[in-house]
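Structural description and commentary
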Amino acid sequence: MTVPVISSWVGGAEFAASGRRLGEVFDPATGQVTRRVAFASRDDVGAAVAAARSAFPAWRETTPLRRARILARFRELLEVHLDELAGLVSQEHGKTQADAKGSVQRGIEVVEFACGIPHLLKGEWSEDVGKGVDCHSVLQPLGVCAGVTPFNFPAMVPLWMFPMAIACGNTFVLKPSEKVPSTALRMARLFEEAGLPAGVLNVVPGDAEAVEAILAHPDIAAVSFVGSTPIARHIYETAARTGKRVQALGGAKNHAVVLPDCELEFTADALVGAAFGSAGERCMAISAVVAVGDVADRLVERLRQKAAALRIGPGSRPGMDMGPVVTAAHREKIRGLITTGLSEGAKPVLDGRTVQPADGGAGFFLGPTILDHVTTSMTVYREEIFGPVLVVLRAPTLAAAIELVNANPYGNGTALFTGSGGAARRFEHDIQVGMVGINVAIPVPLPFFSFGGWKQSIFGALHVYGMEGVKYYTRTKAVTSRWPEASEQSKSSLAMPTLG
Ligand code: NAD
C-alpha cells in the first residue's frame, strides 16, 4: 500500500518541501504508519514567512467587519466538516470519536468569539484630557505571527491561535505537531474556502528545525507556543532574545482536592473522566488527587471500580471510553514511570501496564492505572506523565492540601470537590493555579474568558484567546489630539507639557 505524503501549505497552495526528511504519522490504534509528512526546512519556513509577509498589507487593510464575515463562513465550514475533522484527530492522535468531536467543538468556540472582532478591537476614548485635548487608543496588528502546537489537540490548540491572530489583522505561520499534521492542513484549506486570501494562513509541518527557523526569522513579530515546559522555556528565552512577543504555555500536573463533604459518586465520576479521558493526554487532565481526611479509602475504592469498568479500544469504534496513547515510545515512557512509582513505594490500585484489547493488534494501548499512597518525593508525582495514570496523595486538612498544590512547580488547572461554600471560597482565594474548578474537574474557560496557567505552566504575561488573546495579537497606539482655533493664543514652552 502506498502511503500518502503530507506537504506544507504556503501562499494558498501545497508546497513541496525542499527535500527534507520524511516523518512517519501513525494510527495509534493499529500501530501502522498511515501517512508520511515532509518536514519543513529552514527555507520552507522562509517561504511561508515571505507569503505571510506579502499578504499582510492587504489583510491589515481589510476592515474588521469583512474579516469577521470570513471567520463566520469558516465557522460554518468547521461545523459542516466536524465529523471529518474529528475523524482526522482520532486517526492520528487516538482519541475516541466523541472526545475528538468535543475537542474540535471547543476550538470552534474560539472562532465564534473571533467573529465578534469589530467589537473586540474597539479602543478607548477620553474627551478633554486637557483643555481642548482628546485622547484615544487604537489596537493594530503586529504583522506575521507564528504558532507551534502540541500533538494532543490537533484542532483545538491551533484554533486557540490563528483565528484570533487573523481576526486582529495579522497573518500567520502555523507549525503543527509532526505527529498529527493532517487536521491543521485541512483547516487551512477550509479557511481559504471560506474566503481567506492566500498567504494569510500558512502551515508548515515539521520538527525542531522548523521551530528554530521560526524563532530566528526576523520577519516574525510574535510566537505562540503550547507544549511541554522545557520546550516552552526554550521558546520563550530564544524568541524574547530576538525581540519577539512570546506566549509559551507549558506542561502541567493538575490536582483535584477532595474533601470528605463532597458528593462522592459525582466526584468519582468526574475524576475518572478527567484522569482517563483522551488517555490522560490532556494538559487539563487531573493526574493527582489529594484526598483530605477520612474520604481517601472510600474515594479510592469508587475510583477503582469506575476505572476498571472503562472500555479500552480503537477510538473509531463506537462505545469506547479510552483509545491508545500517541506512540509506542510514549507508551514505554508511561510504563516505565509506573514501574518506578511502584519501586518507590506507591501502592497499586489498578495496573494498566499490560492491558491490550483482544483485537488491539500492535496498537499503543494501556489500561487506566491508579497508584495510592503516593508522596511528593516520588517520581510519579514530580514528573508530568501525560498518560492514563492517576496518583492519590493524602492530606490531613484543606490547608495542608492547598500547601501541597501550591508547592508544585506547575500551575495550570486544579479542582476542589466539596459541599462547603466557605471551603470553596478559601480554595479559590489561596490556590496558586491559573484555572480553578469548584466541583468541575476540567475548568477550561470558554473563549469569552482566557486560557492559561501560572508558574511553569506558562512563560509570558498574556493567556490565550478571550480579551488577553486580543491584547496579545495587537499593539496599542495612543493618540492625543488638539484642534486649535485660529484665534487661540499660543507661545513656545520648553517645560514638560502638562495637560490637567
Ligand atoms: P512537545 O513540547 O514535545 O512539542 C510541542 C511542539 O514543540 C511540537 O510542535 C514539536 O514539534 C515542537 N518541539 C518538540 N521538541 C522541540 C525542540 N527540541 N525544539 C523546538 N521545538 C520542539 O509537546 P507534545 O508532546 O507535543 O505535547 C504534550 C505537552 O504539551 C505536555 O507537556 C502538555 O502538558 C503540553 N500541553 C500544554 C497545554 C497548555 O495549555 N498548557 C496544552 C496542551 C498540551
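Bear in mind that the values here come from a model prediction, so they are computed numbers and not experimental data. (Residues numbered from 1 in each chain as written. Predicted model: local features only at pLDDT ≥ 70, side-chain atom pairs only at ≥ 80, totals over all residues. Heavy atoms only, no water.)

1. Some points on the sheet that holds strand β7 (residues 133-141)
Test applied: A pair of strands is labelled paired if DSSP reports no fewer than 2 bridges between them. By definition, any uninterrupted DSSP run of H or I lasting at least four residues is a helix, any uninterrupted run of E lasting at least two residues is a strand, and each is numbered from the N terminus. Between N-to-C directions, angles cover 0 to 180 degrees, with each direction set by a line fitted to C-alpha atoms, over the stretch in contact for helices.
Spatially, β6-β7-β23 is the arrangement adopted by the three strands of the open sheet, whose pairing is antiparallel. Pairing within the sheet leaves two strands with one partner each, and these edge strands are β6 (125-130) and β23 (474-482). Across the sheet, the axes of successive neighbouring strands diverge by a mean angle of 30 degrees, strand direction being ignored. Of the pairings in the sheet, the one linking β6 to β7 comprises three bridges and is antiparallel in character. Bridging across to β7, Trp 125 finds its partner in His 136.

2. Observations concerning empty space enclosed by the protein
Keep this limit in mind: Cavity: a set of points on a 1 Å grid over the protein atoms alone where a 1.4 Å probe fits but cannot get out. Pocket: an open set with protein on both sides within 12 Å along at least five of seven lines, its lining residues, like those of a cavity, having an atom within 4 Å of a point. Grid points are joined across faces, edges and corners, and a volume is the space filled by probe spheres set on the points. Side-chain classes are defined by residue name, with Ala, Val, Leu, Ile, Met, Phe, Trp, Tyr, Cys and Pro counting as nonpolar, Asp, Glu, Lys and Arg as charged, and the others, Gly among them, as polar.
One pass over the structure, following the stated rule, counts three cavities of 30 Å³ or more. If you trace the largest cavity, you find 15 residues lining it, with Gly 280, Arg 282, Ala 285, Ser 287 and Phe 386 closest to the centre. Split by residue class, the lining of the largest cavity holds eight nonpolar, four polar and three charged. Computed from the structure, the second largest cavity encloses a volume of approximately 40 Å³. Breaking the lining of the second largest cavity down by element, the ones donating at least two residues are α4 (97-114) and α6 (156-167). Broken down by class, the residue content of the lining of the second largest cavity amounts to eight nonpolar, no polar and two charged.

3. Here we look at the layout of surface pockets
It is the rolling of a water-molecule-sized probe over the atoms that shows where space remains empty. Defined as follows: The start and end points of each domain follow an automatic or database-based domain assignment.
Of the volumes computed, that of the largest pocket is approximately 840 Å³. Among the elements of the structure, α8 (208-216), β11 (220-226), α9 (229-241) and α12 (328-343) are those that each provide at least two residues to the lining of the largest pocket. Per-class residue counts for the lining of the largest pocket are 16 nonpolar, 11 polar and eight charged. In this structure, the lining of the largest pocket is formed jointly by two domains, domain 1 (5-250 + 457-479) and domain 2 (254-438), each of which donates at least three residues.

4. Quick notes on the domain arrangement of the protein
Often the size quoted for an interface is simply the accessible area lost on bringing the parts together. Counted only if it meets this: The contact definition used throughout considers only heavy atoms, calling two residues in contact when any of these lie within 4.5 Å. In this description, buried area is defined as the sum, over both parts, of the accessible area (probe of 1.4 Å) that is lost when the two are combined. Here, a salt bridge means any Lys or Arg side-chain nitrogen found within 4 Å of an Asp or Glu carboxyl oxygen. Two N or O atoms count as a polar contact when they lie within 3.5 Å, although within protein this holds only if one can serve as hydrogen donor and the other as acceptor, and sequence-adjacent residues are included solely when both atoms are side-chain atoms.
For the protein, the domain assignment lists domain 1 (5-250 + 457-479) and domain 2 (254-438). Its C-alpha centre places domain 1 at a distance of 31 Å from the equivalent point of domain 2. Between domain 1 and domain 2, the residue contacts involve 19 residues of the former and 24 residues of the latter. Taking both partners together, domain 1 and domain 2 bury about 1700 Å²; carbon and sulfur atoms supply 60% of that area. For the pair domain 1 and domain 2, the interface holds one salt bridge. Where domain 1 touches domain 2, the interface holds nine residue pairs in polar contact (both at pLDDT 80 or more). Of all the elements in the fold, those that place two or more residues in the side of domain 1 that touches domain 2 are α3 (82-93) and α4. Among the elements that make up the side of domain 1 that touches domain 2, the one with the highest residue count is α3 (three residues). Counted by class, the side of domain 1 that touches domain 2 contains five nonpolar, 10 polar and four charged residues.

5. Here's the deal with α12
Here is the rule we go by: For a helix, the expected span equals 1.5 Å multiplied by the number of residues minus one. Throughout this description, buried means an accessible area under 20% of the type-specific maximum (1.4 Å probe, protein chains only), exposed means over 50%, and partly exposed covers the range between. Throughout, the arc means that of the directions going from the helix axis to the C-beta atoms.
Look at α12: 23 Å from first C-alpha to last across 16 residues, which is about the 22 Å you get at 1.5 Å a residue. Listing the buried residues of α12 in full gives His 330, Arg 331, Ile 334, Leu 337, Ile 338 and Gly 341. The buried residues of α12 occupy one face: seen down the axis, they fall within an arc of 125 degrees. Residues of α12 that are exposed and angled more than 90 degrees away from the buried face: Ala 329 and Ser 343. Gly 345 sits one or two positions beyond α12 and adopts a positive phi of about 110 degrees.

6. Things to note about the pairing of strand β19 (residues 413-417)
Filter applied, for reference: Handedness of a crossover is defined as follows: with both strands directed away from the viewer, a clockwise route from the first strand across the helix to the second makes it right-handed.
Of all five residues making up β19, five are buried, and the element is well covered by its neighbours. Alternating residues of β19 divide into Gly 413, Ala 415 and Phe 417 and Thr 414 and Leu 416, and every residue in both groups is buried. With four bridges joining them, strand β13 (residues 254-258) and β19 adopt parallel strand pairing. When the sheet's bridge partners are listed, Ala 256 is paired in β19 with Ala 415. Remark: the β19/helix α15 (residues 421-430)/strand β20 (residues 435-438) crossover connection has right-handed handedness.

7. Regarding the pattern of salt bridges
In this structure the tally under the stated criterion is 26 salt bridges. A salt bridge links Glu 84 to Arg 186, with the nearest nitrogen and oxygen atoms 2.5 Å apart. Pair noted here: Glu 84 is in helix α3 and Arg 186 is in helix α7 (residues 182-193), with a separation of 102 residues, a long-range link. Among the residues examined, Glu 84 registers a relative accessible area of 34% and is labelled partly exposed. In the salt-bridge network here, residues are joined through shared partners; they are Arg 75, Glu 76, Glu 79 and Glu 112.

8. Overview of the packing of α3 against α7
Threshold: The cut-offs work like this: below 35 degrees is roughly parallel, past 145 is roughly antiparallel, 65 to 115 is roughly perpendicular, and the gaps in between are oblique. Crossing handedness: left-handed means the near helix sits turned counterclockwise from the far one by under a right angle, and right-handed means the same turn made clockwise.
Here α3 crosses α7 at 160 degrees, and the two axes come no closer than 9 Å. Taken together, the axes of α3 and α7 lie roughly antiparallel to each other. As α3 runs across α7, the sense of the crossing is right-handed. For the pair formed by α3 and α7, the contact residues are Glu 84, Leu 85, Leu 88, Val 89 and Glu 92 on the first element and Ser 182, Thr 183, Arg 186, Met 187 and Leu 190 on the second. Of the residues assigned to the contact of α3 with α7, the class counts are five nonpolar, two polar and three charged.

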